[in-house]
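Listed below are the residues making up each chain.
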Amino acid sequence: MAWMDDLQTALSARGLTVASIPGKGRGLVTARDFSPGEVIICQEPYASTPNKISGGSSCDGCFASNNLRKCSACRVAWYCGTACQKSEWKLHQLECQALVALSEERKKKLTPTIRLMVRLILRRKLQNEQVIPITAIDNYSLVEALESHISDVDKEQLVLYAQMANLVKLVLPSLEIDLQEITHNFSKLACNAHTICDNELRPLGIGLYPVISIINHSCLPNSVLVFEGRVAFVRAMEPIPKGTEVLISYIETAATTQTRQKDLKQYFFTCTCSCCTKNSYEELRENAILEGYRCKDKKCNGFLLLESDKKAFLCQQCGLARDQQEIKKIASEVAELSEKASTILSSGNYSEASAIYKTIEQLQVKLCHQFSINLLRTREILIKILMELKDWRGALTYCRLTIPVYQRVYPAVHPLLGLQFCACGKLEWALGCTEDALKSFAKAMDVLRITHGTGTPFMRDLSRQLEEARAEASYKLSASD
């Protein structure tokens, strides 16, 4: 296959090669050493689209969210300026003609995934007609080579893909559409497309990156996938020697093995990394800490396991028993309040939601292990609510409580840990806690310069904040002397 030879040549220049990995299929392997923070590979999407089509959340060209203007013809595409509009015009010209012909009712059915497929088909057409150039890492052959797992998809999902393919045909009536191929492509998107996020890992849209899709998953990855605009960057999180497989995580890894394996089902494989193949005792211990209960003794950090008679939980550190009925009662109260709080939060009543989530947090402190994921998620919700209410001190209190949990559930170099340090630093800085802000910003920079690089506006802002905190701390020190 000539396209594969071209791809291998292009990757070779980057110190990479595509190799067959036992039990995994294809994978990306290093042909030289990579240092922490070094870009392993970057790629523009073959096709991409923002999450919100009608709301204008992001520019179609760069995924920026400022100064957006709607395409006056189709009223679907949004652009931040003429540069992005011009760069997208060859593709959008065809898309625009198709969208203008749609009724308003059909436009409402145009989900991000449908639009992504429309743009993928149009890009292939333009490359075939040599309107858009073909390169070794940007061609439809790479899309064709992606695994669809169509034989593993259940009948209900297959019917949905077929319906979606028919909708694509309605959007593009002038093109010869192979419905079977489009159905297969929807299955490929389900297990190969990536969520495009901003620097703070907030979702912006979806994109298909055929070369980056070759990279396999691990719950303990050596690399991280981040985005600058819609360009995907894979950076080394640790020293990666020559001949090592490049691995990223497809899912949220702060979870039990059972939860992670459930989340990975959409990709049709079972992860066998070291995190997923612990011995039975280690597995029990991890489950009991992340999703289990705390010891009755507040000073004890032990984890609880259910006794053989199933009447009580026994602390594996101090031996104290905790009645199962007591645990069930608190857990039931938490579940009831959580449902109520979620509804109130959805209505935008932040004050009332704050009060209920604080009650939930206090109940979970009594119920859950200090490193509980459920307790962590409640505190994360409280931080967002209190930020909306401009209660900076309250938000900082909960932000600080999350840090030890982040440090336990994530590796020392992980974007979410770095971003949490950054959030703490910003709150500390706003509240005049200069020394604390300096420490938090420094810790954030140590992590994020590896995961995010240093050239983005976000990282330049962080660097500026760090220098300002450092200067103010130095001034205060000299003034006190």
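Residues numbered from 1 in each chain as written. Predicted model: local features only at pLDDT ≥ 70, side-chain atom pairs only at ≥ 80, totals over all residues. Heavy atoms only, no water.

- Named according to an unreviewed UniProt entry, the protein is Histone-lysine N-methyltransferase ASHR1 originating from Phoenix dactylifera.

**A look at the overall build of the protein**
Now for step 1: When helices and strands are counted, the protein shows 16 helices and 15 strands.
Now for step 2: Expressed along its principal axes, the backbone C-alpha trace of the protein runs to roughly 70 × 65 × 50 Å.
Now for step 3: Evaluated residue by residue, the protein yields a buried proportion of 50% over its 481 residues.
Now for step 4: Considering only intrachain contacts with a sequence separation of at least 6, the fraction spanning at least 24 residues in the protein is 59%.
Now for step 5: Surface exposure of the protein reaches about 23800 Å², of which carbon and sulfur atoms provide 51%.
Now for step 6: If you average the places of the 58 positive and of the 53 negative side-chain charges in the protein, the two averages end up 3 Å apart. (Helix = DSSP H or I, 4+ residues; strand = E, 2+ residues; numbered from the N terminus. Buried < 20%, exposed > 50% of the residue type's maximum accessible area, 1.4 Å probe, protein only. Contact = heavy atoms within 4.5 Å. Areas by Shrake-Rupley, 256 points an atom, 1.4 Å probe, with all protein chains shown as cover. Lys, Arg positive; Asp, Glu negative; His and termini not counted. Charge placed at Lys NZ, Arg CZ, Asp CG, Glu CD.)

**Brief notes about the packing of helix α6 (residues 155–171) against helix α7 (residues 179–192)**
Now for step 1: At a closest axis distance of 8 Å, the pairing of α6 and α7 adopts a crossing angle of 120 degrees. The handedness of the crossing between α6 and α7 is right-handed. Listed contacts from α7 to Leu158, Tyr161, Ala162, Met164, Ala165, Asn166, Val168 and Lys169 of α6 are Leu179, Ile182, Thr183, Phe186, Ser187 and Ala190. (Axes fitted to C-alpha atoms, helices over the stretch in contact; angles between N-to-C directions. Left-handed = near helix turned anticlockwise from the far one by under 90°.)

**Here's the deal with the packing of helix α11 (residues 350–367) against helix α12 (residues 373–388)**
Any two packed helices are characterised by the angle at which their axes cross and by the distance between the axes.
Now for step 1: Interaxial distance between α11 and α12 falls to 10 Å at its minimum, and their mutual angle equals 155 degrees. Taken together, the axes of α11 and α12 are roughly antiparallel relative to one another. Handedness of the crossing formed by α11 with α12: left-handed. Of the residues in α12, those in contact with Tyr350, Ala353, Ser354, Tyr357, Lys358, Ile360, Glu361, Gln364 and Val365 of α11 are Asn374, Leu375, Thr378, Arg379, Ile381, Leu382, Ile385, Leu386 and Glu388. (Parallel < 35°, antiparallel > 145°, perpendicular 65-115°, else oblique.)

**Quick notes on the sheet that holds strand β3 (residues 39–43)**
Now for step 1: Strands sit in the order β3-β11-β10 across an open sheet of 3 strands; the sheet is antiparallel. The open sheet has two edge strands with one neighbour each: β3 and β10 (223–228). Each adjacent strand pair in this sheet contributes to an overall mean axis angle of 20 degrees, direction not counted.
Now for step 2: Where β10 and strand β11 (residues 231–236) come together, 6 bridges link them in antiparallel fashion. The residue bridging Phe227 from the neighbouring strand is Ala232, located in β11. (Pairing = 2+ DSSP bridges.)

**Examining the nonpolar core**
Now for step 1: Among the nonpolar cores identified, the biggest contains 58 residues, and Tyr357, Ile360, Val409, Leu448 and Leu462 are the most heavily contacted of them.
Now for step 2: Counting residues per element, this core draws most heavily on helix α13 (residues 392–409), at 8 residues.
Now for step 3: Discounting residues that sit within four places of it in the chain, Leu462 has contacts with Cys422, Phe441, Ala444, Met445 and Leu448.
Now for step 4: Of all hydrophobic cores here, the second largest spans 44 residues; its members include Tyr79, Ile121, Leu122 and Val153. (Core = buried A, V, L, I, M, F, W, Y, C linked by side-chain atoms within 4.5 Å.)

**Overview of helix α15 (residues 434–451)**
Now for step 1: Across its 18 residues, α15 extends 25 Å between first and last C-alpha, which sits within 8% of the 26 Å expected from 1.5 Å per residue.
Now for step 2: Its maximal kink placed at Met445, α15 deviates by approximately 25 degrees.
Now for step 3: Taken together, the buried positions of α15 are occupied by Thr434, Ala437, Leu438, Ser440, Phe441, Ala444, Met445, Val447, Leu448, Ile450 and Thr451.
Now for step 4: Taken together, the buried residues of α15 touch β10, β11, α14 (415–430) and α16 (457–480).
Now for step 5: One or two positions beyond α15, positive phi appears at Gly453, with a value near 80 degrees. (Expected span 1.5 Å × (residues − 1). Bend = angle between axes of the 7 residues up to and from the residue.)

**Remarks on the UniProt feature "domain: MYND-type" (unreviewed entry) in the protein**
Now for step 1: Following the UniProt record, the feature "domain: MYND-type" (unreviewed entry) maps to residues 59–96 here.
Now for step 2: A helix fraction of 39% and a strand fraction of 11% characterise residues 59–96, whose end C-alpha atoms lie 15 Å from each other. (UniProt positions renumbered as here; feature names shortened; annotations may be inferred.)

**A short note on the packing of aromatic side chains**
Now for step 1: Under the criterion given, the structure shown has 9 aromatic pairs.
Now for step 2: Between Tyr250 and Phe269, the ring centres sit 6.1 Å apart and the planes meet at 85 degrees, which makes this aromatic pair edge-to-face. Of this pair, Tyr250 sits in the loop between β12 (247–248) and α8 (257–263) while Phe269 sits in the loop between α8 and α9 (280–290), and the two are 19 residues apart along the sequence.
Now for step 3: Judged by its relative accessible area of 28%, Phe269 is partly exposed.
Now for step 4: Among the aromatic residues, ring-to-ring pairing joins Tyr250, Tyr267 and Phe269 into one connected group.
Now for step 5: In this arrangement the basic side chain of Arg32 is found over the ring face of Phe34, its NZ or CZ atom lying 3.9 Å from the centre.
Now for step 6: In this arrangement the basic side chain of Arg123 is found over the ring face of Tyr46, its NZ or CZ atom lying 5.3 Å from the centre. (Phe/Tyr/Trp six-rings, centres within 6.5 Å; stacked < 30°, edge-to-face > 60°. Lys NZ or Arg CZ within 6 Å of the ring centre and 35° of its normal.)

**Some remarks on helix α4 (residues 112–128)**
Now for step 1: With 17 residues, α4 ought to run about 24 Å at 1.5 Å a step, and its terminal C-alpha atoms sit 24 Å apart, in line with that.
Now for step 2: Buried residues dominate α4, accounting for 13 of its 17 residues.
Now for step 3: Directly after α4, the chain includes Gln130, whose backbone phi takes a positive value near 60 degrees.

**Structural notes on the environment of Gln420**
Now for step 1: Relative to the helices and strands, Gln420 is located in helix α14.
Now for step 2: By relative accessible area, which is 11% here, Gln420 ends up buried.
Now for step 3: Sequence-wise, Gln420 and Ala341 are 79 residues apart; in three dimensions their C-alpha atoms are separated by 24 Å.

**Structural notes on the layout of surface pockets**
Which parts of space are left empty comes out when a probe the size of a water molecule is rolled across the atoms.
Now for step 1: Of the pockets and cavities examined, the second largest pocket occupies roughly 400 Å³.
Now for step 2: Lining the second largest pocket are 17 residues, and of these Phe63, Ala64, Asp198, Asn199 and Leu204 lie nearest its centre.
Now for step 3: Residues that form the lining of the second largest pocket fall into these classes: 8 nonpolar, 5 polar and 4 charged. (1 Å grid on protein atoms, 1.4 Å probe; cavity = no way out; pocket = protein on both sides within 12 Å on 5 of 7 lines; lining within 4 Å. Points joined across faces, edges and corners; volume = space filled by probe spheres on them. Nonpolar A, V, L, I, M, F, W, Y, C, P; charged D, E, K, R; others polar.)

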